Amino acid sequence: MNTNDSKGIWKVIGASSAGTLIEWYDFYIFGSLATVIASQFFPKTNPTAALLSTLATFAAGFIVRPFGALVFGRLGDIIGRKYTFLLTLIIMGGSTFAIGLVPGYETIGFAAPIIVLLLRLLQGLALGGEYGGAATYVAEHSPENKRGFYTSWIQTTATLGLFVSLGVILITRHSLDTDAAKSIAKFNDWGWRIPFLVSIILVIVSIYIRMKMKESPLFAKLKTEGKTSVNPLKESFAHKTNLKMVLLALFGATMGQGVVWYTGQFYAQSFIENVCKVDFDQSRTILIWSILFATPFFVVFGGLSDKIGRKWIMLVGMLLAIFTYIPLFGNLLSTTDIKTKTEITEKKQIDSSITTIAKTNDALKKTVIKTFYTDGMQMTETRTDTLFAQAGKKEAKPDIKISKLISDADYWYMVLLVFVMVLYVTMVYGPIAAFLVELFPTKIRYTSMSLPYHIGNGVFGGLTPFIATLLTTIYTDNKLVGLNYPIIVAAICLVIGTLYISNRIDKNVND
Amino acid sequence: MNSIKKFAGIIWFLLAPVGMYFLIITALHEIEKTPVIDTKIQWSVFIIVFAPIAIGMMIFGYYAMKGEYDHLPTSSDEITD
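It should be emphasised that the depicted structure is a prediction, and the values quoted were computed from it without experimental measurement. (Residues numbered from 1 in each chain as written. Chains lettered and ligands numbered in written order. Predicted model: local features only at pLDDT ≥ 70, side-chain atom pairs only at ≥ 80, totals over all residues. Heavy atoms only, no water.)

Visitor: Quick question: what am I supposed to make of the interface of chain B and chain A here?
Guide: You'll often see interface size given as the accessible area lost when the parts meet. Taken together, the 36 residues of chain B in the interface contact 37 residues of chain A. Roughly 3,400 Å² is buried in total at the junction of chain B and chain A, and carbon and sulfur atoms are behind 76% of that figure. At the boundary of chain B with chain A, the tally comes to two salt bridges. With a closest N to O distance of 3.5 Å, Lys244(A) and Glu68(B) form a salt bridge. Viewed at the interface, chain A and chain B are joined by five residue pairs in polar contact (both at pLDDT 80 or more). Those elements that provide at least two residues to the side of chain B that touches chain A are helix H1 (2–33) and helix H2 (37–65) of chain B. (Contact = heavy atoms within 4.5 Å. Buried area = accessible area lost by both parts, 1.4 Å probe. Salt bridge = Lys/Arg side-chain N within 4 Å of Asp/Glu carboxyl O. Polar contact = N/O pair within 3.5 Å; in protein donor to acceptor, adjacent residues only side chain to side chain. Helix = DSSP H or I, 4+ residues; strand = E, 2+ residues; numbered from the N terminus.)

Visitor: Would you explain the confidence of the model for chain B in this entry?
Guide: Any region with low pLDDT has predicted coordinates that should not be read closely. Residues with a pLDDT of 70 or more make up 93% of chain B, whose mean pLDDT is 88. Two summary scores accompany this predicted model of the complex, namely pTM at 0.88 and ipTM at 0.92. (pLDDT = per-residue confidence, 0-100.)

Visitor: What am I meant to see in the packing of aromatic side chains here?
Guide: By convention here, two paired aromatic rings are described through the distance between centres and the angle between planes. Following the criterion strictly, the structure yields 37 aromatic pairs over all chains and no others. A centroid spacing of 5.8 Å and a plane angle of 50° characterise the contact between Phe251(A) and Phe60(B), whose relative ring orientation is tilted. One end of the pair, Phe251(A), is in helix H12 (residues 240–275); the other, Phe60(B), is in helix H2, on a second chain. Owing to a relative accessible area of 1%, Phe251(A) belongs among the buried residues under this scheme. Look at Phe60(B) and you get buried, because its relative accessible area is 0%. (Phe/Tyr/Trp six-rings, centres within 6.5 Å; stacked < 30°, edge-to-face > 60°. Buried < 20%, exposed > 50% of the residue type's maximum accessible area, 1.4 Å probe, protein only.)

Visitor: What is the right way to read the nonpolar core from this model?
Guide: Burial of nonpolar side chains together is a common tendency in soluble globular proteins. Formed by 128 residues in total, the largest nonpolar core has its most connected members in Tyr429(A) and Phe50(B). For this core, the leading source of residues is H12(A), giving 19 residues. Taken together, domain 1 (3–338 + 408–500) and domain 2 (339–405) of chain A each give at least three residues to this core, which thus spans both. Once residues within four sequence positions are removed from consideration, Phe50(B) is found in contact with Val459(A), Phe460(A), Leu463(A), Ile467(A), Tyr485(A), Met20(B) and Leu23(B). Counting residues in hydrophobic clusters, the runner-up holds 18 residues, among them Tyr25(A), Ile29(A), Val102(A) and Leu176(A). (Core = buried A, V, L, I, M, F, W, Y, C linked by side-chain atoms within 4.5 Å. Domains from an automatic or database assignment.)

Visitor: Help me understand the environment of Pro113(A), please; the structure alone is not making it clear to me.
Guide: Here Pro113(A) lies in helix H6 (residues 111–139). Here the alpha-carbon distance between Pro113(A) and Val102(A), two residues 11 residues apart in the chain, equals 9.2 Å.

Structure (structure tokens):
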């Protein structure tokens with residue numbers, strides 16, 4: 001590859017990655033701010049609003065993404081990669097910006113949750129169309145011996161998008177006032193809109209960069225020769241020879257890759273915050289550090305896949321996840337378990353306050369208990385009881401919230417544990433774009449690779465935090481039971497991948 | 001190796017209906033236990049989303065049984081015929 005070609009490919013990677021990163025950023029901020037958004041748009045006191053909230057969470061992430069893959073995949077194979085992933089970027093950026101502008105439920109009533117739901121659906125659709133386009137675009141510009149290496153840069157964007165979204169949220173949350181508590185209150189009130197509004201600047205820059213890019217040379221050649229597909233959906237899924245490869249890609253690769261990804265980067269954070277009860281900021285910064293340290297390995301494993309093939313790197317990642325998830329999550333749990341700590345009894349603080357509930361004779365009793373431990377951990381238990389004025393009225397169940405500020409040693413140990421999980425993510429995810437691109441012919445590549453990718457990641461992966469959490473509510477005596485879902489899915493995928501997938505690197509993706 | 005692939009095809013073919021059966025039984029049990037709209041939506045979404053995937057798994061198992069994966073295409077010409 002000469003210097004001009006080399007410069008060209010980095011421009012292609014830069015333009016594709018920047019846009020994809022922004023799309024992931026846009027998609028994640030909604031999830032990361034779910035609690036704040038729910039209080040603004042989906043008040044729990046109203047059952048219909050709560051219903052819309054559930055739909056917004058589920059529909060956008062899991063149902064709509066594969067549809068986005070079909071809609072935009074088809075477009076990408078008919079009109080071209082460049083214009084399609086430009087369109088997905090505009091839809092994603094526009095809907096994210098608009099979410100930041102929608103007035104709350106208190107101002108416009110039911111219109112608010114309905115508008116937010118529709119915008120969230122658009123986000124899901126756009127995301128479903130983006131990845132296949134970006135991966136195909138980069139792969140079709142890459143030389144055969146570096147396809148894994150170059151496409152792995154696209155793979156970093158999903159993780160970096162999460163990293164940037166967590167960073168922007170934390171910075172905004174702490175910079176709205178000099179007083180930390182006031183700053184958080186302002187953030188929950190109106191400051192949450194800033195990360196949504198900021199995205200429009202990033203999107204405009206990215207659109208400008210992408211506008212200047214040329215169409216993929218392989219697709220342009222097909223178009224000139226009049227050989228593009230007339231009906232990519234039919235050719236992808238109605239022809240047995242291609243359908244069997246789509247099914248193999250899903251059950252032998254993306255299904256396992258999806259659960260390993262979502263367990264390492266999403267369920268891990270949810271587990272640290274909700275099961276281990278680690279403080280809001282600490283649980284997020286643990287993930288930020290882990291991602292920061294692990295991200296270079298996407299490129300390492302992508303590059304390695306050019307030398308030894310894609311198959312075994314992905315399957316070893318799944319194998320390690322299957323055998324080490326229980327001890328890794330078990331260690332997260334035991335590190336924060338107060339039974340393993342020694343309390344400093346003389347430092348214990350208990351504060352109580354009673355406030356009357358407006359327009360009633362009832363009151364709320366708030367008790368804050370701060371417990372300190374010899375290793376430096378501090379646990380805050382906030383208990384809120386309702387005190388009824390009317391004699392004999394049934395006492396409501398107290399609301400108990402626990403938050404643990406862990407010591408530095410425990411903090412960095414948890415960073416290490418999550419880093420290992422994200423390392424598995426880099427193994428399964430780094431080579432996947434090159435693997436998928438090589439599996440399908442140019443004229444139906446966008447459509448064919450997008451669907452298994454988004455079913456594997458959107459459905460199998462996206463449902464991981466929900467199903468895992470759900471399992472813990474069904475089998476309450478085992479806090480690690482939620483891991484059975486990713487372990488079983490990854491194990492099935494590992495066996496199918498081992499038996500049926502080839503480790504051959506396809507030298508020619510021009511066909 | 002090809003005979004193992006074909007035999008394993010039977011497992012994939014059966015895994016899909018067995019998985020769906022357990023999913024539906026669990027869904028009915030959970031909805032009965034907590035009959036609120038959130039539970040109904042959650043489990044309905046799981047069933048609606050996983051049903052076509054289960055059909056896909058059955059097709060995959062069927063193809064494997066028939067030996068469709070004994071030889072994987074080495075060129076796109078073999079796919080676009």
